[in-house]
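Working through the structure, step by step
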Amino acid sequence: KNQVEQSPQSLIILEGKNCTLQCNYTVSPFSNLRWYKQDTGRGPVSLTIMTFSENTKSNGRYTATLDADTKQSSLHITASQLSDSASYICVVIGTSGTYKYIFGTGTRLKVLA
Amino acid sequence: KAGVTQTPRYLIKTRGQQVTLSCSPISGHRSVSWYQQTPGQGLQFLFEYFSETQRNKGNFPGRFSGRQFSNSRSEMNVSTLELGDSALYLCASSSKLQGGEQYFGPGTRLTVT
């Protein structure tokens, strides 16, 4: 069964600290893996998109890694800011037949001053 | 360039009624996808339209339907509403069919009483 699991479910860190969010998936075959940031009450915003052949991709203070062999991805946030408080969602696009968007349930991050 | 807009932003309906939600994609985008987001299930894919044709469909009952117009605007309809249909309904537009970068709207919060 195609699944995407994220950990931890929630995380609290102090402003300025780094953190890493995990995404494990069983989707196969897949086209790409995406990380989204979703602020409360708003739609998700794309942070990174990686194909199966890419190992790492950065977007400012956000760096995503992908290990297609172990089917794991991580999102590393450097020097966190209060505005990083949001839910972070991992999405894997499967390509068995038509494209299938399989979403993780997200990690809720809170950054404290 | 204006972003994805969704109307209405909030809606309260009674069980058994039907509802129509509207989505206007980014100018030039021909793909519109719809998603349901609930606290328990997270984001789930409903369907994708491209050039007025449904190209991809998730695992939702036939009460959920949609359409796309020649100007790429899309509507989603839910008939015979159930309490479990209470959710945030998000639409996303893309310039490409299946797998292109998606830009999400703010969502419509539907409450069924």
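Our subject in this report is the structure included herewith. (Residues numbered from 1 in each chain as written. Chains lettered and ligands numbered in written order. Predicted model: local features only at pLDDT ≥ 70, side-chain atom pairs only at ≥ 80, totals over all residues. Heavy atoms only, no water.)

**What to know about the sheet that holds strand β1 (residues 5-7) of chain B**
Residue and element names in this part refer to chain B. Short version of the rule: Strands pair, by our definition, only if DSSP identifies at least two bridges between them. A run of H or I in DSSP counts as a helix once it spans at least four residues, and a run of E counts as a strand once it spans at least two, with each numbered from the N terminus. Lines are fitted to the C-alpha atoms to define the axes, a helix being fitted only along its stretch in contact, and any angle between axes, read from their N-to-C directions, falls within 0 to 180 degrees.
Strand order in this open sheet of four strands is β1-β3-β8-β7, and the pairing throughout is antiparallel. Two strands bound the open sheet, and with one partner strand each, they are β1 and β7 (64-68). For this sheet, the mean inter-axis angle between neighbouring strands, taken without regard to orientation, is 20°. In this structure, β1 lies alongside strand β3 (residues 19-24), joined through three bridges in antiparallel fashion. Note on β3: the bridge partner recorded for Thr5 is Ser24.

**Some words on the side chain of Asn32 of chain A**
Filter applied, for reference: Only protein chains enter the accessibility calculation, which uses a 1.4 Å probe; a residue whose area is less than 20% of its type maximum is buried, one above 50% is exposed, and one in between is partly exposed. Any N or O atom pair separated by 3.5 Å or less is treated as a polar contact, with the protein-specific requirement of one donor-capable and one acceptor-capable atom, and with residues adjacent in sequence counted only for side-chain atom pairs. Residues are treated as being in contact if the distance between any of their heavy atoms lies within 4.5 Å.
On the secondary structure map, Asn32 of chain A appears in strand β4 (residues 30-38). With a relative accessible area of 4%, Asn32 of chain A lands in the buried category. A polar side-chain atom of Asn32 of chain A sits 2.7 Å from a polar atom in the side chain of Arg34 of chain A. With residues near it in sequence (within four places) discarded, Asn32 of chain A still touches Ile49, Met50, Thr51, Val91, Val92 and Ile93 of chain A together with Gly99 of chain B.

**A word on the interface of chain B and chain A**
To keep things clear, this is the line we draw: When two components associate, each loses some accessible surface as probed by a 1.4 Å sphere; the sum of these losses over both components is called the buried area. Think of a salt bridge as a Lys or Arg side-chain nitrogen and an Asp or Glu carboxyl oxygen that are within 4 Å of each other. Side-chain classes follow a simple rule in which Ala, Val, Leu, Ile, Met, Phe, Trp, Tyr, Cys and Pro form the nonpolar group, Asp, Glu, Lys and Arg form the charged group, and the remainder, Gly included, forms the polar group.
Facing 20 residues of chain B, the contacting portion of chain A comprises 17 residues. With both chains or domains summed, chain B and chain A bury close to 1,500 Å², and 52% of this area falls on carbon and sulfur atoms. There are zero salt bridges connecting chain B and chain A. There are three residue pairs in polar contact (both at pLDDT 80 or more) connecting chain B and chain A. By residue class, the composition of the side of chain B that touches chain A is seven nonpolar, eight polar and five charged.

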